[in-house]
Amino acid sequence: MAKHFFQITFVVSPQSRSSFQESLGEILQAYSAAIKDTEIRVLGSFIGEGNDIILEIGLNSLGDMDAWSQLPDAVLKTHGQAKGKTVLENFAASVISSQSRVLSEFVLK
């Protein structure tokens, strides 16, 4: 079980939500191929306002977060140059803004 979580909150353009979902799926496929045994959760608003999508990636150590910076290369390797470029462009075009943080499990005593 992960000790930390890299959490990214994406504000997605309502018109681009399906493009975002498709490209995020392709991106996570590449990430999972590059980084084995990673816990990944994707959460979205169920009740309430907002077009936020939250991505949580489990980290066994804080150094695992460095793999996220290599993600464009992993997408291009997994999907090839042409498709990989399209996936990354569609993803970037659908995101209005994003925020990231690293979370650690909070243990109550």
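Residues numbered from 1 in each chain as written. Predicted model: local features only at pLDDT ≥ 70, side-chain atom pairs only at ≥ 80, totals over all residues. Heavy atoms only, no water.

### Details of helix H3 (residues 71-79)
Because each turn of an α-helix spans 3.6 residues, side chains separated by three or four positions end up pointing in the same direction. Three or more residues of H3 are buried, namely Leu71, Ala74, Val75 and His79. Buried residues in H3, looked at end-on, bunch into an arc of 105 degrees, giving them a common side. Close packing links the buried residues of H3 with helix H1 (17-34), helix H2 (66-69) and helix H4 (81-94). (Buried < 20%, exposed > 50% of the residue type's maximum accessible area, 1.4 Å probe, protein only. Helix = DSSP H or I, 4+ residues; strand = E, 2+ residues; numbered from the N terminus. Arc of directions from axis to C-beta. Contact = heavy atoms within 4.5 Å.)

### Points about a nonpolar patch on the surface
A surface patch of nonpolar side chains, about 230 Å² in accessible area, is lined by Leu62, Met65 and Val102. Mapped onto the elements of the fold, Leu62 is located in the loop between strand S3 (52-59) and H2. (Patch = residues over 30% accessible without salt bridge, like charges linked within 9 Å, V, L, I, M, F, W, Y side chains within 5 Å. Areas by Shrake-Rupley, 256 points an atom, 1.4 Å probe, with all protein chains shown as cover. Salt bridge = Lys/Arg side-chain N within 4 Å of Asp/Glu carboxyl O.)

### A word on the packing of aromatic side chains
Going through the model one piece at a time under the given rule, you end up with three aromatic pairs. Ring geometry for Phe10 and Phe91: centres 5.3 Å apart, planes at 80 degrees, overall edge-to-face. Taken together, the residues Phe10 in strand S1 (residues 4-12) and Phe91 in helix H4 connect sequence positions 81 residues apart. For the pair Phe10 and Phe91, a shared accessibility class is recorded, and that class is buried. An aromatic cluster is built from Phe10, Phe20 and Phe91, whose rings are joined through pairwise contacts. (Phe/Tyr/Trp six-rings, centres within 6.5 Å; stacked < 30°, edge-to-face > 60°.)

So far we have only geometry, and geometry alone does not tell us how the molecule works.
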